[in-house]
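Each chain, written out:
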Amino acid sequence: MNFWKTMNTRWDAESIRSWSSIKKAVYILFPLLVYFLIHDMAKVILGVGLNFFMGRNPEWAVEFLKGNGYTISGMINGAAILFGVAVIWRGVSAEIAGDKPRMESAGTCKNEEIISKYMFLAALALLSAIGLNALFNLVGLTESSQAFAQTAKAQYGVDFWIGLVLYGVLSPFAEEAVFRGLIFNRMKRCFHYGIALVVSSLFFGCYHGNLVQAVYGSLLGLLIAYTYEKYKSFAAPVLFHAAANVSVFAMTYHNGLSNISMGAKILLTAVSLLGAAGCLLYIMKKY
């Protein structure tokens, strides 16, 4: 069997047990490296193409980029994300297909139960995302990080509606395909659930490239992976990620957290995190 087919096959835990640690590591990390390689190549090619196109009318290009540079950059990154996921999709779809037996073993739910189940998940995502962002702002973590400031400038420089698509649809789908669909699922079979939960979340946090988002992403990653295991469906992490991204993007797009008083910020942090804890306890008990 060739290497590419091996990397895209969903091997069961029994088959993996006899593998060496190096082979397990390659099986887990190779698709991630391929994703980054294709993503970065696509960004370069699209960027070169855009520069060539705009170079034919430099005056118009300069004027256009002055007001839309971050939006164009965000759209190029969104397209590159799709190229990256498309190349590894065979392996992702094989892993996601493995959720079907888990869903069947969990039994069937009525429509009302499904709606309630995912409403609590969305509430957990929204409250935990807002609570953590408010907490980081409250303690001055976001204000003290230059790297985060640069990232935030690029993210919030994107047109609002384009940003909702990028951060509420494309990023959640692509990042969940990579970090939960592939890495988390494969780590569970190569090692065990506890290692997969923690390490995949750390990978997800570090992927964001600065200390603030690394801590934030790792904490949210733990919740996303945990609820994925509870809900037994790939729809759960995608919905969680989308709800978290959209809520924070909409709330902070116009520096919402910076414009409220210290007392209101403390109240928002406490209410959000307590609400998130309540939703998590309900999900732990109910599902």
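Note: the structure precedes this text.
Residues numbered from 1 in each chain as written. Predicted model: local features only at pLDDT ≥ 70, side-chain atom pairs only at ≥ 80, totals over all residues. Heavy atoms only, no water.

**Q** Would you mind showing me how to read the pattern of salt bridges here?
**A** Note that side chains of opposite charge can pair when their charged atoms are close. Using the criterion set out here, one finds six salt bridges in the structure. Between E95 and R10 there is a salt bridge; the shortest N-O distance is 3.7 Å. On the criterion of sequence distance, the pair formed by E95 in helix α4 (residues 58–97) and R10 in the loop between α1 (3–7) and α2 (13–16) is long-range, its members being 85 residues apart. Under the relative-accessibility criterion, R10 is labelled partly exposed at 35%. One salt bridge connects R180 with E176, and the closest N-O pair in it is separated by 2.7 Å. Here R180 pairs with E176, and both are found in helix α9 (residues 160–190), just four residues apart, close to one helical turn. Across the pair, E176 and R180 agree in class, each one buried. (Salt bridge = Lys/Arg side-chain N within 4 Å of Asp/Glu carboxyl O. Helix = DSSP H or I, 4+ residues; strand = E, 2+ residues; numbered from the N terminus. Buried < 20%, exposed > 50% of the residue type's maximum accessible area, 1.4 Å probe, protein only.)

**Q** Is there a simple way to think about helix α11 (residues 211–231) in this case?
**A** Along an α-helix, a turn takes 3.6 residues, which lines up residues three or four apart on a common side. In a regular helix each residue adds 1.5 Å, so 21 residues correspond to 30 Å; α11 covers 30 Å between its end C-alpha atoms and thus fits that length. Here α11 lies mainly inside the structure; 15 of its 21 residues are buried. Where α11 terminates, the next one or two residues include K232, which has phi positive at roughly 60°. (Expected span 1.5 Å × (residues − 1).)

**Q** Hey, could you run me through the side chain of T227 in this one?
**A** The topology assignment puts T227 in helix α11. Overall, the relative accessible area of 0% leaves T227 in the buried class. Residues within four places of T227 in sequence aside, it is in contact with L121, L124, K232, A236 and F240. (Contact = heavy atoms within 4.5 Å.)

**Q** Just to check I follow, could you spell out the environment of G131 for this structure?
**A** Relative to the helices and strands, G131 resides in helix α6 (residues 111–138). G131 sits in the buried class, given a relative accessible area of 0%. Measuring from C-alpha to C-alpha, the distance between G131 and L273 comes to 5.1 Å, with 142 residues separating the pair along the chain. Those residues in contact with G131 that sit more than four places away from it in its chain are T269, S272 and L273.

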